[in-house]
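A look at the structure
So the chains spell out like this:
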Amino acid sequence: MAQTLRLPQIDLEAILSQQNPTIDLRLQPYENSTRNFLKAVTSYKNRAIATISERRKHQTMEKKKILEKTQAVEAETTDCKMREIDLVAQLESEKEERKEAELKVAAFTRQNAALDEKCDAVEADIQQYRALTQNWRREKDKERSLLSTHASKAPLELRACEKYLGCAIEGVDMNKLLIVFSNLDPAEPHREASFVLDLSTTTYKVLTASPVLPTMAVLVSRLNDSMDIYAFIKDVRVAYQQMVNFCFPVA
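Our subject in this report is the structure included herewith. This one's a predicted model, so the numbers in the text were calculated from it and none came from an experiment. (Residues numbered from 1 in each chain as written. Predicted model: local features only at pLDDT ≥ 70, side-chain atom pairs only at ≥ 80, totals over all residues. Heavy atoms only, no water.)

1. Comments concerning the packing of aromatic side chains
Pairs of aromatic rings are described using the distance from one ring centre to the other and the angle between the two planes. Evaluated as defined, the whole model comprises three aromatic pairs. With centroids separated by 6.0 Å and ring planes inclined at 40°, the aromatic side chains of F181 and F195 adopt a geometry described as tilted. Separated by 14 residues along the polypeptide, F181 in strand β2 (residues 176-181) and F195 in strand β3 (residues 193-198) bring together distant segments of the chain. On the basis of relative accessibility, which here comes to 1%, the residue F195 falls in the buried class. With a centroid separation of 5.8 Å and 85° between ring planes, the pair formed by F195 and F232 is classed as edge-to-face. Within this pair, whereas F195 is found in strand β3, its partner F232 is found in helix α4 (residues 229-247), the two being separated by 37 residues in sequence. Judged by its relative accessible area of 3%, F232 is buried. Following the ring pairs from residue to residue traces out a cluster consisting of F181, F195, F232 and Y240. (Phe/Tyr/Trp six-rings, centres within 6.5 Å; stacked < 30°, edge-to-face > 60°. Helix = DSSP H or I, 4+ residues; strand = E, 2+ residues; numbered from the N terminus. Buried < 20%, exposed > 50% of the residue type's maximum accessible area, 1.4 Å probe, protein only.)

2. Observations concerning a nonpolar patch on the surface
Among the surface-exposed residues, F37, L38 and V41 lie close enough to one another that they form a single nonpolar patch of about 300 Å² accessible area. Checked against the element boundaries, L38 lands in helix α2 (residues 27-165). (Patch = residues over 30% accessible without salt bridge, like charges linked within 9 Å, V, L, I, M, F, W, Y side chains within 5 Å. Areas by Shrake-Rupley, 256 points an atom, 1.4 Å probe, with all protein chains shown as cover. Salt bridge = Lys/Arg side-chain N within 4 Å of Asp/Glu carboxyl O.)

3. Things to note about the nonpolar core
Counting residues in hydrophobic clusters, the biggest one holds 20 residues, and the most contacted among them are F181, F195, L213, M216, F232, V236 and Y240. Those elements giving two or more residues to this core turn out to be β2, β3, α3 (216-226) and α4. Here this core gets seven residues from one element, more than from any other, and that element is α4. When residues no more than four places from it in sequence are discounted, the contact partners of L213 are L219, V236, A239, Y240 and M243. (Core = buried A, V, L, I, M, F, W, Y, C linked by side-chain atoms within 4.5 Å. Contact = heavy atoms within 4.5 Å.)

As structure tokens, this is what we get:
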């Protein structure tokens, strides 16, 4: 709701009794109101000009579209007439081509007979290739059987390596590795230490460690600098070994 300016009540007797009589005409609110009114008028004018300009632009574009459609229809009509002329000429040409096609059919019949002879020769070659393929498959089956034999020995060799190195690595989740160290304490060979390494991001981190390794944060920071996972696993094992020796020294 627009604010309505009300004329203040003037106490003339009180004003005249002052030493320097003055009357506050409150010109500032009037000027502010006038200024806001002029701004509103200017804004309305600018919007009206913009609306008129937009409508003229829209009308110009519509006229252009109509003109383009008219030209396209005229061009399409001319093209259809030219196609009609071409079709008439094509019909005459097809009559001549039909006669030539009949002659070609007779020639193709003779060629088919020759192709049948070639097909018989190709079929003989196919039979020979099939025999070669069967021999190749038998050789591949022998190789596959040999590979399966080697593959069956791999788990035993892997367990032997893990026992020798005192380290086992396996995946526990997407982009996560469980590393388990053994043979850390000669007095208790079955004592183990383990941790889970998260490789899902470009910044590696250790999710859990058992037992807690005090220097793990420093080793992880060094890993993210070097990106050498193998060196990191080696350093963690050495750190666990030192912690075991410190907490449970050999007598």
